[in-house]
Amino acid sequence: MDDAAPHAEAADPLGRAMAHVEAHAFEPLALADLAAAAGLSPYHFGRQFAARDGLAPMAFVRARGLGPNPDFSRGSRLYGLGPEACGL
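Computed from a prediction, not measured in an experiment: that's the story for all the values here. (Residues numbered from 1 in each chain as written. Predicted model: local features only at pLDDT ≥ 70, side-chain atom pairs only at ≥ 80, totals over all residues. Heavy atoms only, no water.)

Caption draft 1: Inspection of the overall build of the protein at higher detail. When helices and strands are counted, the protein shows five helices and zero strands. Written out in order from the N terminus, the α and β elements of the protein read α-α-α-α-α. Every one of the 88 residues in the protein was classed for burial, and the buried ones make up 23%. Total accessible area on the protein stands at roughly 6000 Å², and carbon and sulfur atoms take up 59% of it. (Helix = DSSP H or I, 4+ residues; strand = E, 2+ residues; numbered from the N terminus. Buried < 20%, exposed > 50% of the residue type's maximum accessible area, 1.4 Å probe, protein only. Areas by Shrake-Rupley, 256 points an atom, 1.4 Å probe, with all protein chains shown as cover.)

Okay, here's the thing in C-alpha cells:
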C-alpha cells in the first residue's frame with residue numbers, strides 16, 4: 001500500500017482545500033472555509049487556486065455541481081417532485 005498519497009495531499013494546501021470540498025460537497029461552501037482548510041488567507045488561496053486550475057475557487061465548485069442546489073430548495077417549483085418529473 002502506498003502511504004505517499006495522503007502525505008502529499010497534507011503537504012499541498014490546495015489539495016487540502018479540495019479534500020474539504022469533497023467532504024462537504026452538499027453543504028454551503030464559502031471561500032473563507034476553503035482558504036482555512038488550505039491554511040492560506042482567502043486572497044492568497046484564490047490567487048493560487050486560479051493559477052493552478054484556471055478558475056476561481058467558487059467557480060470551480062459551481063462547475064463541479066457541488067453545494068446545495070437552489071433548484072431543489074423548498075421554495076422551488078421542483079421541490080417535492082419525483083425523479084421522473086425532473087427527467088431522471
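Still more to cover.
Caption draft 2: Structural context of the nonpolar core. Listed in full, the 12 residues of the largest apolar core are Leu 14, Ala 17, Met 18, Val 21, Leu 29, Leu 34, Ala 35, Ala 38, Phe 45, Phe 49, Phe 60 and Val 61. Every element with two or more residues in this core is listed here: helix H2 (13-23), helix H3 (31-38), helix H4 (42-53) and helix H5 (57-63). Here this core takes four residues from H2, the largest share from any one element. With residues near it in sequence (within four places) discarded, Phe 60 still touches Met 18, Phe 49 and Leu 55. (Core = buried A, V, L, I, M, F, W, Y, C linked by side-chain atoms within 4.5 Å. Contact = heavy atoms within 4.5 Å.)

Caption draft 3: Representation of the packing of aromatic side chains in the model. On inspection of all chains with the given rule, the structure shows two aromatic pairs. When the ring of Phe 45 is compared with that of Phe 49, the centres are 5.7 Å apart and the planes differ by 50 degrees; the resulting orientation is tilted. With Phe 45 and Phe 49 both in helix H4 and four residues apart, this pair spans about one turn of that helix. Ring centres of Phe 49 and Phe 60 lie 5.4 Å apart, and the angle between their planes is 65 degrees; this geometry places the pair in the edge-to-face category. Pair noted here: Phe 49 is in helix H4 and Phe 60 is in helix H5, with a separation of 11 residues, a long-range link. Both residues of the pair, Phe 49 and Phe 60, belong to the buried class. By way of ring pairs, the aromatic residues Phe 45, Phe 49 and Phe 60 are connected into one cluster. (Phe/Tyr/Trp six-rings, centres within 6.5 Å; stacked < 30°, edge-to-face > 60°.)

Caption draft 4: Broad picture of H2. Taken together, the buried positions of H2 are occupied by Leu 14, Gly 15, Ala 17, Met 18 and Val 21. Buried residues of H2 fall within an arc of 160 degrees about the axis and therefore sit on the same side. (Arc of directions from axis to C-beta.)

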